[in-house]
Amino acid sequence: MICMAVPEIETIALAEVRDTRDVGVVTSGPAWAAAHRAGLHLAPAWTDAPVDASEPAFAALAARCPAGVAVIYGVGGGLAADAAKYVARHHSLPLILIPTALSVDAHLTWASGVRRDGCITYLPTGAAQRVLVDTALIAAAPPGVRAAGICDLLSIATGTWDWHHAEARGQNPPEQAYLPWAAALAGEILAASLIVAPGAGRGEPAGLLDLLRLLALEVQLCNLLGHSRPEEGSEHYLAYALEAHPAIGAGHAHGDLVGPAIIRAATWQGQAVAPLHDALVAAGVPLDRVPAAVLDDVEQTLPQYVRRHRLAFGIAHELS
Ligand SMILES: [Zn+2]
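What you see is a predicted model, and the numbers here were worked out from it, not measured in a lab.

Cut-offs used in this document
Residues numbered from 1 in each chain as written. Predicted model: local features only at pLDDT ≥ 70, side-chain atom pairs only at ≥ 80, totals over all residues. Helix = DSSP H or I, 4+ residues; strand = E, 2+ residues; numbered from the N terminus. Rg over C-alpha atoms; globule rule 2.2 N^0.38 Å. Buried ≥ 20, exposed ≤ 12 C-beta atoms within 10 Å, placed from the backbone. Contact = placed C-beta atoms within 7 Å. Pairing = 2+ DSSP bridges. Axes fitted to C-alpha atoms, helices over the stretch in contact; angles between N-to-C directions. Domains from an automatic or database assignment. Nonpolar A, V, L, I, M, F, W, Y, C, P; charged D, E, K, R; others polar. Parallel < 35°, antiparallel > 145°, perpendicular 65-115°, else oblique. Left-handed = near helix turned anticlockwise from the far one by under 90°. Core = buried A, V, L, I, M, F, W, Y, C linked by C-beta atoms within 7 Å.

Enquirer: Residues and numbers for the overall build of the protein, please.
Expert: When you go through the protein residue by residue, the secondary structure sums to twelve helices and eight strands. Taken over the C-alpha trace, the protein has a radius of gyration of 19 Å; the compact-globule value for 320 residues is 20 Å, and the two agree within 12%. C-alpha atoms of the protein, sized along the principal axes, occupy 55 × 40 × 40 Å. Counting the 320 residues in the protein, one finds 46% classified as buried. Intrachain contacts of the protein at a sequence separation of at least 6 include 73% that bridge at least 24 residues.

Structure, rendered in structure tokens:
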């Protein structure tokens, strides 16, 4: 068994970041400006952004990276992190990520999420070597995305439920067999995320660091298992299907879609929704970006969607 590890996490004021190598930066305009305002003084040889989150867009970005670049920095949210992982892997370069928001767990994972045929596929890229965390930078992020990574912790409620349900239905492949100890550990991470949600939502440095550490625990647990069943189930499937819906489309933050999807999936499962709802609100995750009529519409076709994309078994497969 080979278990991937999470990156080194270093808390640092961005003004102290020095790098004498030829630096390539994958970012977005707003993220790069925010990092500058926070004191980042890298002088990159190359700065670029992907046009979208598809594999062709990431490949085109990698092709534009000039020879001579010796290290890739990814500065931004989940899209910048995923694109930077792809570029670093393509050129076999070291990778450093600087999150401008804790919007998702992608800064800590070893795969790059790309959109393909209306769903998400994870390309193995390896993880970053280091994640540089300036809590002042993250605190200055828009409140709706600043701590939205809480969604990848609260999704344990619905993801682990699905994993257990799939076991009871005999639907788990042997390599994804339900493990009670792993579910118990995931449950503790979920309980802790309810505790840290308000502080992270207010942008307090301690709360943001707690959120980051819990995300690292969640990612490391999934790394040890070799799959993401404890935190990825029907709520993520619904979010992926929403992203493919013409009324929603790409360009939404992960939490904009996963947040409401957690509420909806927990309802299907007959779980208590209030603690999840309250934690999402406390963390600042917007719950009004997806019209209820669109949620209803996507729910109608979700059973076909999850089968078409061969997603792991969950409550979404049994909706009628
Ligand atoms: Zn997620």
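Enquirer: An account of the sheet that holds strand β3 (residues 46-48) is requested, with residue identities and associated values reported.
Expert: Read across the sheet, six strands follow the order β1-β8-β5-β4-β2-β3 without closing on themselves; strand pairing throughout is parallel. Looking at the sheet topology across the chains shown, the edges are occupied by β1 (8-11) and β3. When strand polarity is set aside, the average angle formed by the axes of neighbouring strands in this sheet is 20 degrees. Here strand β2 (residues 23-27) runs beside strand β4 (residues 71-76); their pairing, made up of five bridges, is parallel. Counted as the bridge partner of V23 is V71 from β4. Sitting on the sheet, helix α1 (residues 29-37) touches β2, β3, β4 and β5 (95-99), and the angle it makes with β4 is about 95 degrees.

Enquirer: Which residues make up the domain arrangement of the protein, and what values go with them?
Expert: Domain assignment breaks the protein into domain 1 (8-139) and domain 2 (147-318). Each partner contributes to the interface: domain 1 provides 19 residues, whereas domain 2 provides 21 residues. Listing elements by their share of the side of domain 1 that touches domain 2, those giving two or more residues are β1, β7 (119-124) and α4 (135-139). Counting residues per element, the side of domain 1 that touches domain 2 draws most heavily on α4, which supplies three residues. Class assignment for the residues of the side of domain 1 that touches domain 2 results in ten nonpolar, six polar and three charged.

Enquirer: Can you break down the pairing of strand β8 (residues 130-133) residue by residue, with the values?
Expert: In this structure, β1 lies alongside β8, joined through four bridges in parallel fashion. Counterpart to E8 in the pairing with β8 is R130. Here two bridges tie β5 to β8, and the two strands are oriented parallel to one another. The residue of β8 that forms the bridge with I96 is R130.

Enquirer: Which residues make up the packing of helix α9 (residues 234-243) against helix α10 (residues 254-268), and what values do they have?
Expert: Relative placement of two packed helices is described by the angle separating their axes and the distance separating the axes. Axis separation between α9 and α10 bottoms out at 8 Å; the angle between their running directions is 130 degrees. Considering the angle they form, α9 stands oblique to α10. α10 is crossed by α9, and the crossing has right-handed handedness. Listed contacts from α10 to S234, E235, H236, L238, A239, L242 and E243 of α9 are L257, V258, A261, I262, R264, A265 and W268. Tallied by class, the residues present in the contact of α9 with α10 amount to nine nonpolar, two polar and three charged.

Enquirer: Now, about the packing of helix α7 (residues 180-201) against helix α11 (residues 274-282): what can you tell me, with residues and values included?
Expert: The N-to-C vectors of α7 and α11 enclose an angle of 25 degrees; their axes lie 7 Å apart at closest approach. In terms of axis orientation, α7 runs roughly parallel to α11. The hand of the α7/α11 crossing is left-handed. For the pair formed by α7 and α11, the contact residues are S193, L194, A197, P198 and G201 on the first element and P275, A279 and A282 on the second. Its residues placed into classes, the contact of α7 with α11 shows six nonpolar, two polar and no charged.

Enquirer: Give me unusual backbone geometry: which residues, what numbers.
Expert: Even without glycine at this site, D117 takes up a positive phi of about 50 degrees. With respect to the secondary-structure elements, D117 resides in the loop between β6 (111-116) and β7. Of note, the phi angle at R310 is positive, near 50 degrees, even though the residue is not glycine. Tracing the backbone shows R310 in the segment after α12 (292-308).

Enquirer: For the environment of A35, give the residues involved together with the corresponding values.
Expert: Looking at where A35 falls in the secondary structure, it is placed in helix α1. C-beta crowding within 10 Å serves as the criterion here: with 23 such atoms nearby, A35 is assigned to the buried category. Linking A35 and R213, residues 178 residues apart in sequence, is a C-alpha distance of 22 Å.

Enquirer: Give a detailed account of the nonpolar core, specifying residues and quantitative values.
Expert: If you look at the biggest cluster of nonpolar residues, it comprises 94 residues, and the most contacted ones within it are A84, I150, L154, L211 and L238. Residue-level mapping places this core at the junction of two domains, with at least three residues from each of domain 1 (8-139) and domain 2 (147-318). The residues contacting L211, other than those within four sequence positions of it, are L102, A147, G149, I150, V196 and A200.

Enquirer: Any chance you could break down the environment of I263 for me, citing the residues and the numbers?
Expert: With respect to the helices and strands, I263 occurs in helix α10. Put simply, I263 and L154 are 109 residues apart on the chain and 9.8 Å apart in space, counted from C-alpha to C-alpha.

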